[in-house]
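# Tertiary structure, described
Letter by letter, the chains look like this.
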Amino acid sequence: MARTILPEIHQSRDETRTQPTPFPNTCPACGALAHRIVNDVDVLEWNRRADYACGADYTFKSQIQNRIEKWWGVCQEGAD
Ligand SMILES: [Zn+2]
């Protein structure tokens, strides 16, 4: 079973105040469509996420001493 770390999504803390988080519409590893993307400006950054039909998701990666917010995820293509 393939297991692929997705490229991290980075967004400055200032940008999170004014812009949605730029989650891709398809899984970067396998191309599966997103079935839920939560990235609105009025959603706190740690609640922003993307879920894909393959089971991959992007979730918030805590950054205490950094002004760059990060989201990370793993695709396990073929899992169901
Ligand atoms: Zn995938």
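One can find the structure itself at the top, above this paragraph.
Below or above, wherever it landed, is the structure these notes cover. It should be emphasised that the depicted structure is a prediction, and the values quoted were computed from it without experimental measurement. (Residues numbered from 1 in each chain as written. Predicted model: local features only at pLDDT ≥ 70, side-chain atom pairs only at ≥ 80, totals over all residues. Heavy atoms only, no water.)

### Topic: the pairing of strand 2 (residues 9–12)
What counts here: Each residue's exposure class comes from its accessible area (1.4 Å probe, protein chains only) as a fraction of the maximum for that residue type: buried when under 20%, exposed when over 50%, partly exposed otherwise. Only runs of H or I of at least four residues qualify as helices and only runs of E of at least two qualify as strands under DSSP, and these elements are numbered from the N terminus. Strand pairing is assigned whenever DSSP identifies at least 2 bridges connecting the two strands.
Taking every second residue as pointing to the same face, the buried face of strand 2 carries Ile9 and Gln11, while none of His10 and Ser12 on the other face is buried. Judged from the four bridges that link them, strand 2 and strand 6 (residues 68–72) form a sheet pairing that is antiparallel. Bridge pairing in strand 6 places isoleucine 9 opposite tryptophan 71.

### Quick word on the coordination of the zinc ion
To keep it simple, the criterion reads: A donor here means an N, O or S atom no more than 2.8 Å from the metal, or no more than 3.2 Å when the metal is Na, K or Ca. Since water is not included, a site may seem to lack partners.
Protein-derived ligands of the zinc ion are Cys27 (SG), Cys30 (SG), Cys54 (SG) and Cys75 (SG), with the metal-ligand distances lying across 2.3 to 2.4 Å. Spacing between the donor residues of the zinc ion along the chain follows C-x2-C-x23-C-x20-C. Separated by 21 residues along the polypeptide, cysteine 54 in the loop between strand 4 (49–52) and strand 5 (57–61) and cysteine 75 in strand 7 (residues 74–75) bring together distant segments of the chain. Residue cysteine 54 is classed as buried on the basis of its relative accessible area of 10%.

### Considerations on the pattern of salt bridges
Oppositely charged side chains are able to pair whenever their charged atoms sit close together. Put simply, the test is: The salt bridge criterion pairs a side-chain nitrogen of Lys or Arg with a carboxyl oxygen of Asp or Glu, the two atoms within 4 Å.
Enumeration over the complete set of coordinates arrives at seven salt bridges. Between arginine 67 and aspartate 14 there is a salt bridge; the shortest N-O distance is 3.0 Å. Of the two residues, arginine 67 is situated in the loop between strand 5 and strand 6 and aspartate 14 in helix 1 (residues 13–18); the sequence distance between them amounts to 53 residues. Taken as a pair, arginine 67 and aspartate 14 share a single burial class, namely exposed. Across the pair arginine 17 and glutamate 45 runs a salt bridge, and its minimum N-O distance is 3.6 Å. Note that arginine 17 is positioned in helix 1 and glutamate 45 in the loop between strand 3 (34–38) and strand 4, a separation of 28 residues in sequence.

### Quick look at the sheet that holds strand 6
Neighbouring strands of a sheet are bound in pairs by backbone hydrogen bonds; such pairs are parallel or else antiparallel. For clarity, the threshold we go by: For helices, the fitted axis covers only the stretch in contact; all axes are lines through C-alpha atoms, and the angles between them, taken along N-to-C directions, range from 0 to 180 degrees.
Taken in spatial order, the five strands line up as 2-6-5-4-3 in an open sheet, and their pairing is antiparallel. The two strands at the open ends of the sheet, each matched to only one other strand, are strand 2 and strand 3. Within the sheet, the average angular offset between the axes of one strand and its neighbour, ignoring direction, is 20 degrees.

### Comments concerning the packing of aromatic side chains
Where two aromatic rings form a pair, the distance of their centres and the angle of their planes describe that pair. The cut-off we apply is this: Ring pairs are drawn from Phe, Tyr and Trp, using the six-membered ring of Trp, whenever the two centres fall within 6.5 Å, and their geometry is named by plane angle: stacked under 30 degrees, edge-to-face over 60, tilted for the rest.
Considering all chains together, one arrives at four aromatic pairs under this definition. Relative to tyrosine 58, the ring of tyrosine 52 has its centre 6.3 Å away and its plane inclined at 75 degrees; by these criteria the two rings are edge-to-face. Taken as a pair, tyrosine 52 and tyrosine 58 share a single burial class, namely buried. Among the aromatic side chains, those forming a connected cluster through ring pairs are Phe23, Tyr52, Tyr58, Phe60 and Trp71.

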